[in-house]
Amino acid sequence: MAARRIPLNFFAMPLGLAGLAGSWQTAAGYGRAPYAVAWVLFLAATLAWVLVLVGYVRYLSDDWGGFGRDLLDPVAAPFASLAVITPMLLAVEGLYPHAPHVGRALFDVFLVLTVLLGAWFTGQWMYGGLELDRFHPGYFLPTVAGGLLASAGAAAVGQHRLAEVMFGLGMVCWLVLGSIILGRLFFRPQLPKALMPTLAIEVAPAAVASLAYFALHGDRVDSVAAFLGGYGMLMVLAQLRLLPAYRRLPFMPSTWAFTFSWAAVASAGLHWLDALRPTGYQVWQYLVLTAVTALIGSIAVRTLVALARHQLLPERPQPKPQPAPRGAADAPVAQEHA
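The shown structure was predicted, so the numbers you read here are calculated from the model rather than taken from an experiment.

## Details of the confidence of the model for the protein
Reasoning step 1: For the protein, mean pLDDT is 92; residues scoring 70 or higher make up 92% of the total.
Reasoning step 2: Note on residues 326–338: pLDDT under 50 across the span, and zero contacts to partners over four residues away in sequence or across chains.

Following this line, the structure appears as structure tokens:
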């Protein structure tokens, strides 16, 4: 029996869980939560990544040409980067605190893979050409998310100069791709329903850039952090206008686009609250952590329900039967009488 097709956006599931684990780890660092919750979530994210990867490889084992088609797909291809970005994040946040040498080595391996894949996509976009209407916020993933998360990770494992290099990669790609994506969203037709959740990714670049900057320069809000926070605030508030559209969407795998995006915002918010310490900041930190946990937890539960009902995995398209050649039906009879 042929394995069911695993869409590339399924890799957003372990990334979302890893993002939630990072929020809990940040809260634990401020004494607002136990570290044990973060470790359990990191383990869950690792298991989810392994399951999705195994499922995807099993799907490809029946048709290795599917990998090439996925990488060239103008809509789905950018999500392939999550297959290497997620373990890079898990290595530095989940493994490095317990096994520094192993964690750093794995982080470096997946950082290299992230850069190479991002470079391949960039070259492919130059060489193959793109239709503007196919552009969506998921195009941030290979280079913007990959570069900025690599920057934060490199800073965490003590590779400061590498962190600065990756910060530059992510920031410049954000400026270039961000203008194209917003131009597409402003002036072209609305995204298809299946891609509407990717609008939530618009909140992620400023948040992830803030996390990388804090990792590089410490938990202090200076002019650069405020600059990033200002744009991040705009994108977060802009999401309020999109709530009616979000409410009309059915549950689908692309719903996971909400998870890491808002986990990054939550983590950045926790940093800001601890740095500025406004009145009642500890209560606000608990509220932020509770809200993002409820959001991602509800999406995870809904995913398990869909999986139990066999509603999550798309059916693999079956090839159309080819018509038999003329006279083929009479061949057995002819042979029998020969």
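Next, the rest of the story.
## Describing the pattern of salt bridges
Reasoning step 1: Counted according to the given criterion, the structure contains five salt bridges.
Reasoning step 2: The residue Asp-63 makes a salt bridge to Arg-69 at a minimum N-O spacing of 2.3 Å.
Reasoning step 3: Residue classification places Arg-69 among the partly exposed positions, given a relative accessible area of 49%.
Reasoning step 4: Residues Arg-277 and Asp-274 are paired through a salt bridge, measuring 3.5 Å at the closest nitrogen-oxygen approach.
Reasoning step 5: With a relative accessible area of 13%, Asp-274 lands in the buried category.

## Re the nonpolar core
Reasoning step 1: Phe-11, Leu-82, Met-88, Phe-107 and Trp-174 are the most contacted members of the largest nonpolar core, which totals 105 residues.
Reasoning step 2: Beyond its immediate chain neighbours, meaning those up to four positions away, Phe-11 contacts Trp-49, Val-52, Leu-53, Tyr-56, Phe-79, Leu-82, Ala-83 and Thr-86.

## Let's talk about unusual backbone geometry
Reasoning step 1: Positive phi, normally seen in glycine, also occurs at Arg-277, with a value near 50°.
Reasoning step 2: The phi dihedral of His-310 falls on the positive side, at around 60°, and the residue is not glycine.
Reasoning step 3: Looking at where His-310 falls in the secondary structure, it is placed in the loop between helix H11 (281–308) and helix H12 (331–337).

## Some words on the environment of Ala-209
Reasoning step 1: Turning to its location among the elements, Ala-209 is positioned in helix H8 (residues 204–217).
Reasoning step 2: We classify Ala-209 as buried; its relative accessible area is 0%.
Reasoning step 3: Distance from Ala-209 to Gly-229, taken between C-alpha atoms, is 9.4 Å for residues 20 residues apart in sequence.
Reasoning step 4: Discounting chain neighbours no more than four positions away, the residues touching Ala-209 are Leu-148, Phe-167, Met-171, Trp-174 and Leu-228.

## Focus on the packing of helix H5 (residues 100–128) against helix H6 (residues 141–156)
Reasoning step 1: Packing of H5 against H6 leaves a shortest axis separation of 9 Å and a crossing angle of 155°. Looking at the two axes, H5 sits roughly antiparallel to H6. Where H5 crosses over H6, the two elements pack in a sense that is left-handed. In this structure, H5 contributes Phe-107, Leu-111, Thr-114, Gly-118, Phe-121, Thr-122 and Trp-125 to the contact, and H6 contributes Pro-142, Thr-143, Gly-146, Ala-150, Gly-153 and Ala-154.
Reasoning step 2: Of the residues assigned to the contact of H5 with H6, the class counts are seven nonpolar, six polar and no charged.

## Observations concerning the environment of Ala-306
Reasoning step 1: Within the secondary structure layout, Ala-306 lies in helix H11.
Reasoning step 2: C-alpha of Ala-306 to C-alpha of Phe-251: the two residues are 55 residues apart in sequence and 8.9 Å apart in space.
Reasoning step 3: Once you skip the residues sitting within four places of it in the chain, Ala-306 turns out to touch Phe-251, Gln-311 and Leu-312.

## Some points on helix H2 (residues 35–61)
Reasoning step 1: Given a rise of 1.5 Å per residue, 27 residues ought to cover 39 Å, and the 39 Å separating the end C-alpha atoms of H2 matches this to within 8%.
Reasoning step 2: Along H2, the residues classified as buried are Ala-38, Leu-41, Phe-42, Ala-45, Ala-48, Trp-49, Val-52, Gly-55, Tyr-56, Tyr-59 and Leu-60.
Reasoning step 3: Taken together, the buried residues of H2 touch helix H1 (12–29), helix H3 (65–72), helix H4 (82–95) and H5.

## Looking at H1
Count 3.6 residues to each turn of an α-helix, and residues three or four apart come out pointing the same way.
Reasoning step 1: Counted at 1.5 Å a residue, the expected span for H1 with its 18 residues is 26 Å, and the 25 Å between its end C-alpha atoms agrees.
Reasoning step 2: Within H1, 17 of the 18 residues are buried, which leaves the element mostly enclosed by the surrounding structure.
Reasoning step 3: Looking one or two residues beyond H1, the residue adopting positive phi is Gly-31, at roughly 80°.

## A closer look at the packing of aromatic side chains
Reasoning step 1: Counting across every chain of the model gives 13 aromatic pairs.
Reasoning step 2: Between Tyr-56 and Tyr-59, the ring centres sit 5.8 Å apart and the planes meet at 55°, which makes this aromatic pair tilted. Residue Tyr-56 and its partner Tyr-59 are both found in helix H2; the two are separated by three residues, about one turn of the helix.
Reasoning step 3: Residue class for Tyr-56 comes out buried when judged on its relative accessible area of 5%.
Reasoning step 4: Pairwise contacts between aromatic rings join Trp-120, Phe-121, Trp-125, Phe-135 and Tyr-139 into one cluster.

What counts and what doesn't
Residues numbered from 1 in each chain as written. Predicted model: local features only at pLDDT ≥ 70, side-chain atom pairs only at ≥ 80, totals over all residues. Heavy atoms only, no water. pLDDT = per-residue confidence, 0-100. Contact = heavy atoms within 4.5 Å. Salt bridge = Lys/Arg side-chain N within 4 Å of Asp/Glu carboxyl O. Buried < 20%, exposed > 50% of the residue type's maximum accessible area, 1.4 Å probe, protein only. Core = buried A, V, L, I, M, F, W, Y, C linked by side-chain atoms within 4.5 Å. Helix = DSSP H or I, 4+ residues; strand = E, 2+ residues; numbered from the N terminus. Axes fitted to C-alpha atoms, helices over the stretch in contact; angles between N-to-C directions. Parallel < 35°, antiparallel > 145°, perpendicular 65-115°, else oblique. Left-handed = near helix turned anticlockwise from the far one by under 90°. Nonpolar A, V, L, I, M, F, W, Y, C, P; charged D, E, K, R; others polar. Expected span 1.5 Å × (residues − 1). Phe/Tyr/Trp six-rings, centres within 6.5 Å; stacked < 30°, edge-to-face > 60°.

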